[in-house]
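The primary structure of each chain is shown beneath.
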Amino acid sequence: MVIGITGGVASGKSTVAQMLVSLGAQVIDADKICHQLLNNEDIRVAIVKRWGNSVQDKHGKIDRRILGKIVFDEKRELSALNKIIHPKAIKRIKNQIRELTIERKTNVVVIDAALLVETNLTDLCDKILFISADREICEKRAQKNRKWPLCEIAKRESFQGSVKDKKNNADSIIDNGLSKADTFDQVQAFWKQFITKIEFGGQNGYNKI
């Protein structure tokens, strides 16, 4: 079974993903894959061609901080970067799901992707899990953990799809606005619910790859 995790910025998607890992799932971190791909040679060349040598550090690698300032200032620039990176990222995600299927390391694969809906990765998923948290809590987390100014969440969310639509289209919702123990209780309840479906022959998302 493939589970896709979605939610607003700093809602705690990766935290919930790791809780699922502790229960036996394997996680595919889409953001990590995209970061790794930045210095894939053809992607690096394409990025430098569009934004110039200034996006490279002294070692000739893409400086994520500099590139981020450019692309998160204008939607058109972020769209251009996504067109360069996302096709290869999606291909790598599909390959990782195949490998996990062949190796039979787990019955459950979790896709942790900020743009799960926007990149149509939901098509690979059997279940969509939405992570919910009040705006004030998300802002405090972003300020503490990511060192973002208060306005940054609104800017990032403006480049993504509607949080309300994502929530309405999810199969299940986890409220990550209370304690970690409370969140984990909800994750365990979710886990028990879909494990039963696997045991009784529920859908297998691997045939979609």
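We now turn to the structure provided with this report. The structure displayed is predicted, hence computed values, not measured ones. (Residues numbered from 1 in each chain as written. Predicted model: local features only at pLDDT ≥ 70, side-chain atom pairs only at ≥ 80, totals over all residues. Heavy atoms only, no water.)

Regarding the packing of aromatic side chains
For step 1, the next point in the chain: Tallied over the entire structure, the rule returns 0 aromatic pairs.
For step 2, the next point in the chain: In this arrangement the basic side chain of R146 is found over the ring face of W148, its NZ or CZ atom lying 4.9 Å from the centre. (Phe/Tyr/Trp six-rings, centres within 6.5 Å; stacked < 30°, edge-to-face > 60°. Lys NZ or Arg CZ within 6 Å of the ring centre and 35° of its normal.)

Section: the pattern of salt bridges
Any two side chains of opposite charge can pair, so long as their charged atoms come close to each other.
For step 1, the next point in the chain: Going through the model one piece at a time under the given rule, you end up with 8 salt bridges.
For step 2, the next point in the chain: Ionic pairing is found between R44 and E41, a salt bridge with its closest N-O pair at 2.7 Å. A residue pair is termed a helical-turn pair when its members lie 3 or 4 positions apart in one helix, as R44 and E41 do in helix α3 (residues 41-51) at 3 residues.
For step 3, the next point in the chain: Here K88 ties to D42 by a salt bridge, and the two come within 3.2 Å at their closest N and O atoms. Note that K88 is positioned in helix α5 (residues 75-103) and D42 in helix α3, a separation of 46 residues in sequence.
For step 4, the next point in the chain: On the basis of relative accessible area, D42 is assigned to the partly exposed category, the value being 40%.
For step 5, the next point in the chain: A single salt-bridge network, built from bridges that share partners, covers R50, E74, R76 and E77. (Salt bridge = Lys/Arg side-chain N within 4 Å of Asp/Glu carboxyl O. Helix = DSSP H or I, 4+ residues; strand = E, 2+ residues; numbered from the N terminus. Buried < 20%, exposed > 50% of the residue type's maximum accessible area, 1.4 Å probe, protein only.)

As for the environment of I111
For step 1, the next point in the chain: Its location among the elements puts I111 in strand β3 (residues 109-112).
For step 2, the next point in the chain: Residue I111 is classed as buried on the basis of its relative accessible area of 0%.
For step 3, the next point in the chain: Through-space distance from the C-alpha of I111 to that of D29 is 6.4 Å; in sequence the pair is 82 residues apart.
For step 4, the next point in the chain: Not counting chain neighbours up to four residues away, the residues in contact with I111 comprise V2, I3, G4, I5, I28, I93, I97, L116, L121 and C125. (Contact = heavy atoms within 4.5 Å.)

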